[in-house]
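Geometric and topological summary
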Amino acid sequence: MILIISEQEDYSTERVTKWLDHLHAKYFRLNKEDPIKNLEITFSNNDFSINLYINEEWLLFKEIHSVWYRRGELNFDFDLTFTKNATDSFVKGVQYNLIHEELKTINDFMEHVLINKPSLGSMKWKNANKLLSLLYAQRAELEVPKSIISTEKKQLKTFFKESKKDCISKGVQDVMSFVSDNNSYSYATSKILSKDIEDMSETFFPSLLQHNIDKKYEVRTFYLNGDFYSMAIFSQNDEKTSVDYRNYNVQKPNRNVPYLLPKKIEDKLTVFMNSMELNTGSIDLIVTNNNEFVFLEVNPSGQYGMVSIPCDYELDFKIAKHLISLK
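So, here is what we can say about the structure in this document. It should be emphasised that the depicted structure is a prediction, and the values quoted were computed from it without experimental measurement.

**Topic: the environment of I41**
Turning to its location among the elements, I41 is positioned in strand β3 (residues 36–44). Judged by its relative accessible area of 26%, I41 falls in the partly exposed class. Taking the C-alpha atoms as reference points, I41 and I106, separated by 65 residues in sequence, lie 9.2 Å from one another. Once you skip the residues sitting within four places of it in the chain, I41 turns out to touch S49, I50, I106, F109 and M110.

Here it is as structure tokens:
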């Protein structure tokens with residue numbers, strides 16, 4: 001049986017499971033929204049077992065032969081109070097910390113067991129640390145943007161001048177998005193102006209700046225167990241998307257075409273992915289006007305439909321076939 005760990009609204013998971021149904025493969029989809037109502041962990045002699053009660057059925061870990069960690073996490077739905085009538089804030093605080101440490105130990109044990117099964121995706125790197133990604137990319141001899149993280153205005157001003165006043169700012173981890181009053185909000189990468197620097201206080205929360213890179217186009221590549229499926233994104237001619245294609249222009253979308261990375265870049269990316277212990281992920285690159293490739297980031301659970309559909313790569317089918325082959 002294939003265990004799929006995902007989210008209810010993940011469209012890619014839905015498409016892969018349809019292929020698994022078509023191929024008559026047995027799977028169990030566990031979404032982060034699915035509450036784990038009961039669990040049973042037993043140790044006896046030289047054996048152990050883990051069973052979870054979810055959606056009125058038992059998931060038996062011994063029946064799992066492979067795992068697709070798409071995204072999400074285990075969701076324990078247990079009573080998190082020991083003493084119902086506890087009123088003392090100190091007692092409540094101790095109870096809260098103790099219970100959550102207990103659950104963390106159980107969760108870590110389960111994840112350890114799943115990590116050691118044949119898998120696609122990584123529970124270890126649910127969200128790849130972007131700073132570690134830059135470090136490992138450098139070690140793989142990939143070009144990365146010149147960057148600084150600082151808490152002092154004077155350091156950012158010096159860095160800004162070195163860039164000839166051409167810098168961008170982004171978060172050090174994920175792009176934040178949320179919906180409020182039926183409006184969708186997000187922040188991606190944005191250009192920094194001299195006024196932005198001047199308006200900052202002398203010290204602040206650690207902030208990331210990078211030298212802006214003049215690009216010919218961007219490349220999004222989906223890595224699947226040693227194979228690359230790439231797409232060129234011509235985002236530079238649209239003011240809205242020129243800094244980051246994720247500032248989508250819905251009215252006038254960027255032109256996207258299938259793309260073949262040079263073998264030397266694929267080789268370096270393979271070294272990078274192996275060093276990150278990732279067998280799948282979405283990689284973002286920039287191709288400069290001098291035809292140099294610059295690594296930006298990898299998202300282990302990034303959306304790949306945006307590459308698969310316009311380029312006709314049929315990645316949902318390929319993922320389903322790969323999961324079936326894992327033993």
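**Concerning the nonpolar core**
In this structure, L261, L269, F272, I283, L285, F295 and V298 are the most contacted members of the largest nonpolar core, which totals 26 residues. Of all the secondary structure elements, the ones that give two or more residues to this core are α3 (130–139), β14 (215–224), β15 (227–234), α6 (263–275), β17 (280–288) and β18 (293–299). For this core, the element with the highest residue contribution is α6, accounting for 4 residues.

**What about the packing of helix α1 (residues 11–22) against helix α8 (residues 315–325)?**
Taken N-terminus to C-terminus, the directions of α1 and α8 make an angle of 60 degrees; their axes are 8 Å apart at the nearest point. It follows that α1 is oblique to α8 by the angle criterion. Of the two possible hands of crossing, α1 and α8 adopt the one that is right-handed. Each of S12, R15, V16, W19 and L20 in α1 lies in contact with α8, whose residues at this interface are D316, F317, I319, A320, L323 and I324. For the contact of α1 with α8, a count of residues per class yields 8 nonpolar, 1 polar and 2 charged.

**Observations concerning the pattern of salt bridges**
One pass over the structure, following the stated rule, counts 20 salt bridges. Between E7 and K32 there is a salt bridge, with its nearest N and O atoms 3.6 Å apart. Highlighted residues: E7 in the loop between β1 (2–6) and α1 and K32 in the loop between β2 (27–31) and β3, separated in sequence by 25 residues. Residue K32 is classed as partly exposed on the basis of its relative accessible area of 34%. With its nearest N and O atoms 3.1 Å apart, the salt bridge here joins R220 to D284. With R220 in strand β14 and D284 in strand β17, this residue pair connects regions lying 64 residues apart in the sequence. Both residues of the pair, R220 and D284, count as buried. A single salt-bridge network, built from bridges that share partners, covers E7, D10, K32, R70 and R71.

**So, unusual backbone geometry**
Positive phi, normally seen in glycine, also occurs at E141, with a value near 65 degrees. Relative to the helices and strands, E141 is located in the loop between α3 and β8 (147–152). A positive phi is found at E277, a non-glycine position, where the angle reads about 60 degrees.

**So, the sheet that holds strand β7 (residues 119–120)**
Across the sheet, 4 strands lie side by side as β2-β1-β6-β7; this open sheet has parallel pairing. Strands with a single pairing partner mark the edges of an open sheet, and in this sheet they are β2 and β7. Looking at chain direction, β1 and β2 are connected through 5 bridges and run parallel. Looking at the pairing, I5 lines up with L30 of β2. In the packing of α8 onto the sheet, contacts are made with β1, β6 (66–69) and β7, and the angle to β6 comes to roughly 145 degrees.

Reading the values: rules and limits
- Residues numbered from 1 in each chain as written.
- Predicted model: local features only at pLDDT ≥ 70, side-chain atom pairs only at ≥ 80, totals over all residues.
- Heavy atoms only, no water.
- Helix = DSSP H or I, 4+ residues; strand = E, 2+ residues; numbered from the N terminus.
- Buried < 20%, exposed > 50% of the residue type's maximum accessible area, 1.4 Å probe, protein only.
- Contact = heavy atoms within 4.5 Å.
- Core = buried A, V, L, I, M, F, W, Y, C linked by side-chain atoms within 4.5 Å.
- Axes fitted to C-alpha atoms, helices over the stretch in contact; angles between N-to-C directions.
- Parallel < 35°, antiparallel > 145°, perpendicular 65-115°, else oblique.
- Left-handed = near helix turned anticlockwise from the far one by under 90°.
- Nonpolar A, V, L, I, M, F, W, Y, C, P; charged D, E, K, R; others polar.
- Salt bridge = Lys/Arg side-chain N within 4 Å of Asp/Glu carboxyl O.
- Pairing = 2+ DSSP bridges.

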